[in-house]
Amino acid sequence: MIDLNDLRVFEKVAATSSFSAAGRVLGLPKSTVSRNIARLEQVLGARLFQRTTRAVILTAAGEALQTRCVELMSRIDETVAYVGGLSGEPRGLLRVSAGIGFGINVLSRHLPEFLARFPHVDVTLDLTSRDLDLVAERVDVAIRMGPLPDSALVATRLGSVRRCLAASPDYLSRHGTPLTPADLSEHECIEMPRGDGRTRTWHFYRGGEMATVDVRNRVSVNDALTIHQLVRNGAGLGVLSTYLCLDDFAEGRLVPLLTDWDIAPVEVNLLFPSKRELSQTVRSFVDFMREVSVPNEHWQGGIAETD
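Everything numeric here is computed off the predicted structure, so don't read it as measured data.

Colleague: Describe the pattern of salt bridges, and please don't skip the residues or the numbers.
Modeller: For the coordinates displayed, the defined rule picks out 12 salt bridges. Close ionic contact of Glu291 with Arg117 constitutes a salt bridge, the shortest N to O distance being 2.9 Å. Here Glu291 is found in helix H9 (residues 280-292), whereas its partner Arg117 is found in helix H5 (residues 100-117), with 174 residues between them in sequence. Residue Glu291 is classed as partly exposed on the basis of its relative accessible area, which comes to 44%. With a closest N to O distance of 2.7 Å, Asp248 and Arg253 form a salt bridge. Overall, the relative accessible area of 31% leaves Arg253 in the partly exposed class. Where salt bridges share partners, they join Arg232, Asp248, Glu251 and Arg253 into one cluster.

Structure below.
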């Protein structure tokens with residue numbers, strides 16, 4: 001009979017391609033991880049990994065098991081959490097993934113209240129700028145900004161982040177202040193890199209008018225908080241989440257630009273791995289985030305809130 005603990009160890013070794021790394025994640029010595037894998041291979045009658053001095057590589061049998069194991073372990077975790085929540089009181093471990101900026105500036109404000117309201121829930125918060133496979137990495141809830149992937153994930157809208165164009169007084173003293181969207185083509189901009197390597201396009205709206213600008217990226221960086229810091233330190237101008245800039249505007253570290261034009265906000269959504277019944281613990285977090293994500297909440301605010 002297969003031991004579920006052996007499957008958990010196998011899943012982690014397959015994900016990390018390392019017995020040592022899997023042991024560190026699971027809190028197990030490498031020798032224990034090796035015994036778990038050896039026992040599983042003996043029960044299955046198949047070798048699951050090719051071991052070399054440099055790498056641990058899945059065999060064909062290992063790849064077949066991994067494909068099924070990820071979904072199986074996700075179902076088991078989900079079932080255990082759901083059954084445990086039937087008592088009516090959320091409890092257990094909640095795995096949440098979010099972008100770095102949203103985690104630092106939004107979740108850090110709200111999680112203390114959530115933890116106080118649900119004292120038997122523990123939270124693992126994974127802040128990353130990369131897209132995660134929610135099923136493979138057993139994430140309960142992900143908070144994502146921007147266009148949603150075309151997938152089987154289920155989405156619940158939280159709100160939208162307003163954005164603005166800004167630069168530092170030092171940058172503007174050296175390069176001048178753009179007065180129209182067309183002026184931006186002459187300026188040094190800081191933006192996220194595109195996956196296809198092409199130039200970013202900024203869109204501005206005023207009434208029924210739209211202006212499109214292909215910007216020249218002086219700096220490309222894949223983290224919104226770093227873009228904010230670079231803009232504030234004078235490296236260029238950039239489109240920033242407005243709530244990050246309110247104190248900077250008030251204290252003169254940043255200057256809002258083209259304020260008679262609007263920039264489309266970024267949608268924020270909660271994502272779930274499947275449409276299956278959510279556990280009481282997951283549902284409590286979803287309901288809580290929807291409760292606190294009200295219109296004009298600080299991360300959905302605009303420049304006018306500095307008045």
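Colleague: Before we move on, can you summarise unusual backbone geometry with the specific residues and values?
Modeller: Even without being glycine, Ser17 reaches a positive phi, approximately 55 degrees. Within the fold, Ser17 resides in the loop between helix H1 (4-16) and helix H2 (19-26). Relative accessible area serves as the criterion here: at 41%, Ser17 is assigned to the partly exposed category. Despite not being glycine, Leu258 shows a phi value in the positive range, around 50 degrees.

Colleague: If you had to explain the sheet that holds strand E14 (residues 266-272) to someone new, which residues and values would you point to?
Modeller: The 5 strands are arranged E4-E3-E5-E14-E6 in an open sheet whose pairing can be described as mixed. With one partner strand each, in any of the chains shown, strand E4 (121-127) and strand E6 (154-161) form the two edges of the open sheet. The sheet shows a mean angle of 20 degrees between the axes of neighbouring strands, direction not considered. Two strands pair when backbone bridges link them, and E6 and E14 are joined in this way by 7 bridges, in the antiparallel orientation. Among the inter-strand pairings, Gly159 is bridged to a residue of E14, identified as Val268. Along the sheet, H5 makes contact with strand E3 (92-98), E4, strand E5 (141-145) and E14, crossing E4 at roughly 175 degrees.

Colleague: An account of a nonpolar patch on the surface is requested, with residue identities and associated values reported.
Modeller: On the surface, a cluster of nonpolar side chains totalling about 220 Å² of accessible area is made up of Ile2, Val43 and Leu44. Looking at the secondary structure, you find Leu44 in helix H3 (residues 30-44). Judged by its relative accessible area of 37%, Leu44 is partly exposed.

Colleague: Outline the layout of surface pockets, supporting the account with residue identities and numerical values.
Modeller: Volume-wise, the largest pocket comes out at about 1,400 Å³. Surrounding the largest pocket, 44 residues form its lining, Met145, Gly146, Pro147, Met192 and Val266 being those nearest its centre. Residue composition of the lining of the largest pocket, by class: 27 nonpolar, 9 polar and 8 charged.

Colleague: Explain the environment of Val33 to me, and be specific about the residues and the numbers.
Modeller: With respect to the helices, strands and loops of the structure, Val33 is situated in helix H3. Once the C-alpha coordinates of Val33 and Ser20 are considered, the two residues, 13 residues apart in sequence, prove to be 8.1 Å apart. Not counting residues within four places of it along the chain, the set of residues in contact with Val33 comprises Val9, Val13, Phe19, Gly23 and Leu28.

Colleague: Any chance you could break down the nonpolar core for me, citing the residues and the numbers?
Modeller: Counting residues in each nonpolar core, the largest one holds 38 residues, and the members touching the most others are Phe114, Ile143, Leu270, Phe285, Met289 and Trp299. Considering every element that reaches this core, the biggest residue donor is H9, with 6 residues. Sequence-distant contacts of Leu270, defined by excluding residues within four places in its chain, comprise Val141, Ala142, Ile143, Val154, Ala155, Thr156, Leu158, Phe285, Val286 and Met289. Residues Val13, Ala14, Leu40 and Leu48 belong to the second largest nonpolar core, which totals 18 residues.

Each value, and the rule that gives it
- Per-chain numbering applies: the sequence of each chain, read as written, is numbered from 1 onward.
- For this predicted model, a pLDDT threshold of at least 70 governs which residues receive local features, and a threshold of 80 or more governs which side-chain atom pairs are given and counted, while totals over whole chains, interfaces and linings are taken from all residues.
- Only hydrogens and water are set aside; all other atoms, that is, all heavy atoms of the structure, feed into the side-chain values.
- The salt bridge definition used is simple: a Lys or Arg side-chain nitrogen within 4 Å of an Asp or Glu carboxyl oxygen.
- In this text, helices come from DSSP runs of H or I with a minimum length of four residues, and strands from runs of E with a minimum of two, each type numbered from the N-terminal end.
- Accessible area is worked out with a 1.4 Å probe on protein chains only. A residue is then buried under 20% of its type maximum, exposed over 50%, and partly exposed in between.
- A pair of strands counts as paired when DSSP detects no fewer than two bridges linking them.
- To get an axis, a line is fitted to the C-alpha atoms, and for a helix only the part in contact is used. The angle between two axes follows their N-to-C directions and goes from 0 to 180 degrees.
- In what follows, a contact means two residues having at least one pair of non-hydrogen atoms within 4.5 Å.
- Within the patch definition used here, like charges are joined within 9 Å and nonpolar side chains (Val, Leu, Ile, Met, Phe, Trp, Tyr) within 5 Å, considering only residues with over 30% relative accessible area and no salt bridge.
- Where accessible areas are quoted, they stem from the Shrake-Rupley method and a 1.4 Å probe; at the residue level, only the protein chains shown are allowed to cover.
- Cavities and pockets are found on a 1 Å grid laid over the protein atoms alone: a cavity is a set of points where a 1.4 Å probe fits but cannot escape, a pocket is an open set with protein on both sides within 12 Å along at least five of seven lines, and a lining residue has an atom within 4 Å of such a point.
- Grid points are joined across faces, edges and corners, and a volume is the space filled by probe spheres set on the points.
- Ten residues, namely Ala, Val, Leu, Ile, Met, Phe, Trp, Tyr, Cys and Pro, are considered nonpolar, four, namely Asp, Glu, Lys and Arg, are considered charged, and the remaining ones, Gly among them, are considered polar.
- Residues enter a nonpolar core if they are buried and are Ala, Val, Leu, Ile, Met, Phe, Trp, Tyr or Cys, with the set joined through side-chain atoms within 4.5 Å.

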